[in-house]
Amino acid sequence: MNREVTLPLIVDDRGTLQVSAADVSKLLRTVGGRWLRLVETGQERLDEDTVAALTIELAKLADRIDVACIAHSSGAASG
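As a starting point, this report considers the structure included with it. Just so you know, these numbers come straight off a predicted model, no measurement behind them.

Some words on the nonpolar core
- If you look at the biggest cluster of nonpolar residues, it comprises seven residues: Ala21, Val24, Leu28, Leu58, Leu61, Ala62 and Ile65.
- Elements supplying a minimum of two residues to this core: helix 1 (21-41) and helix 2 (48-78).
- The biggest single contributor to this core is helix 2, with four residues.

Points about the pattern of salt bridges
- Inspection of every chain in the model, using the stated rule, returns three salt bridges.
- A salt bridge links Asp63 to Arg29; its shortest N-O distance comes to 2.8 Å. Note that Asp63 is positioned in helix 2 and Arg29 in helix 1, a separation of 34 residues in sequence.
- Judged by its relative accessible area of 39%, Asp63 falls in the partly exposed class.
- Arg29 is the partner of Asp66 in a salt bridge, and the nearest nitrogen-oxygen pair spans 2.8 Å. Residue Asp66 is located in helix 2, and its partner Arg29 is located in helix 1; the two are separated by 37 residues in the primary sequence.
- You can call Asp66 partly exposed: its relative accessible area is 25%.

Describing the environment of Arg34
- Within the secondary structure, Arg34 sits in helix 1.
- Residues Arg34 and Thr55, 21 residues apart in the sequence, show an inter-C-alpha distance of 9.4 Å.

Quick word on helix 1
- For helix 1, spanning 21 residues, the distance from its first C-alpha to its last is 30 Å, which sits close to the expected 30 Å at 1.5 Å a residue.
- Of the residues making up helix 1, those classed as buried are Ala21, Val24, Ser25, Leu28, Gly32, Gly33 and Val39.
- Among the residues trailing helix 1, Gly42 stands out with phi positive, at a value near 70°.

Definitions and limits used
Residues numbered from 1 in each chain as written. Predicted model: local features only at pLDDT ≥ 70, side-chain atom pairs only at ≥ 80, totals over all residues. Heavy atoms only, no water. Core = buried A, V, L, I, M, F, W, Y, C linked by side-chain atoms within 4.5 Å. Buried < 20%, exposed > 50% of the residue type's maximum accessible area, 1.4 Å probe, protein only. Helix = DSSP H or I, 4+ residues; strand = E, 2+ residues; numbered from the N terminus. Salt bridge = Lys/Arg side-chain N within 4 Å of Asp/Glu carboxyl O. Expected span 1.5 Å × (residues − 1).

So far we have only geometry, and geometry alone does not tell us how the molecule works.
This is the structure in structure tokens:
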């Protein structure tokens, strides 16, 4: 199954991107890491398996963003 995710990014009225892809991927990884720490410390009543699955999916999404940016940069550099 191929699941595509489109992320609307924040641009100003001139079309200038206001949030970098690196910031988005870092945010996704940070959220997952914080969830894992909450489970490890037992501060929240969170299901460990669910948190692990969600954290993996966030990391996969962050990876896809990073790969797309690398591919875009590589294509722009060679063109």
